[in-house]
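# Structure at a glance
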Amino acid sequence: MSAVAVRLRSRRKGAGLGLVAWLLGIVFFLPIAWMALTSFHSEADAATNPPSFAASLTLDGYREFFGAGGGASPWPALVNSTVASVASTLFVLVLALPAAYALSIRRVRKWTDVLFFFLSTKMLPAVAGLLPLYLFAKNAGMLDNIWLLVVLYTAMNLPIAVWMMQSFLAEIPVAVIEAARVDGARLPTILARVVAPIALPGIAATALICFIFSWNELLFARVLTGVVAETAPVFLTGFITSQGLFLAKVCAASLVISLPVLAAGFAAQDKLVQGLSLGAVK
């Protein structure tokens, strides 16, 4: 087979894979597009079956979500979600970076057992720990407290963060760290000025995933919060009732609550791709 034929075959294969990737992307994007379109319909048009693509557009769903119809304001819930997600993500990064350093570069004894222990904590169903956590929060007077969610989200996301960052830090050349140590740098300086800049894509990917997990968490927020510490997902569930039409309003609320995650993912997409693919190609 000639070189020209090989190149043509390679191009056709690449074009075929590209077409498949575009088709899969469209399939995954369609539900989001449908939700966005439904959010601009009236409740009567949103409830029609089959749905109407030519229905008139309106902002009533967004007005009701933001309390224009006399309902509750979503801003406290959005602020609570922001505080819980950002604070827990920062705590996770501060705790996971030294742990990953000890498990990848300056490896402790039986470090594989430590990693397995971290992974085993994710095998427990969340609902199994719900009652003990509720009783603890009740006895400690921390029900409906946003900082309780911060502690819980930090503990929930720390194992996966350590696993991810351990694989990222394992790709850092040891010679760079040894050179910094020879120059007299201590561990905090090495972590802040040597390890963190090199592993920045991996840290960004870990932070984004922890932020998404915290922002989307519903079970613990639903049980352990009430009015003061209510988060955005809990606020969203309040629009689902047994009577009346609520589809357009729920779609509008879902789109608004999803925007921070979508914006964070779009802003950090280059770091996310670099981080998740770090170490895939030697």
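Scroll up to find the structure.
What comes next is a walk through the structure. Values in this document were obtained by computation on a predicted structure and should not be read as measured data. (Residues numbered from 1 in each chain as written. Predicted model: local features only at pLDDT ≥ 70, side-chain atom pairs only at ≥ 80, totals over all residues. Heavy atoms only, no water.)

Where nonpolar side chains cluster on the molecular surface, the patch consists of Leu19, Trp22, Leu23, Ile26 and Leu30 and spans about 570 Å² of accessible area. By the element assignment, Trp22 lies in helix 1 (residues 3–39). (Patch = residues over 30% accessible without salt bridge, like charges linked within 9 Å, V, L, I, M, F, W, Y side chains within 5 Å. Areas by Shrake-Rupley, 256 points an atom, 1.4 Å probe, with all protein chains shown as cover. Salt bridge = Lys/Arg side-chain N within 4 Å of Asp/Glu carboxyl O. Helix = DSSP H or I, 4+ residues; strand = E, 2+ residues; numbered from the N terminus.)

Inspection of the entire model under this criterion finds two salt bridges. Among the salt bridges present, the one from Asp60 reaches Arg63, with a minimum N-O distance of 2.8 Å. Here the residue Asp60 and the residue Arg63 both occupy positions in helix 3 (residues 60–65), the gap between them amounting to three residues, near one helical turn. When its relative accessible area of 44% is taken as the criterion, Arg63 is described as partly exposed. Between Lys249 and Glu64 there is a salt bridge whose closest N-O contact spans 3.5 Å. Of this pair, Lys249 sits in helix 13 (residues 247–267) while Glu64 sits in helix 3; the two residues are 185 residues apart in sequence, bridging distant segments of the chain. (Buried < 20%, exposed > 50% of the residue type's maximum accessible area, 1.4 Å probe, protein only.)

If you trace the backbone, Ser214 turns up in helix 10 (residues 200–216). By relative accessible area, which is 4% here, Ser214 ends up buried. Residues Ser214 and Val86, spaced 128 residues apart in sequence, show a C-alpha to C-alpha distance of 8.5 Å.

Given a rise of 1.5 Å per residue, twelve residues ought to cover 16 Å, and the 15 Å separating the end C-alpha atoms of helix 9 (residues 187–198) matches this to within 8%. Within the sequence span of helix 9, burial applies to Ile190, Leu191, Val194, Val195 and Ala196. If you follow the buried residues of helix 9, they end up packed against helix 4 (75–104), helix 7 (146–169), helix 8 (174–182) and helix 10. (Expected span 1.5 Å × (residues − 1). Contact = heavy atoms within 4.5 Å.)

These values are about where atoms sit, not about what they do.
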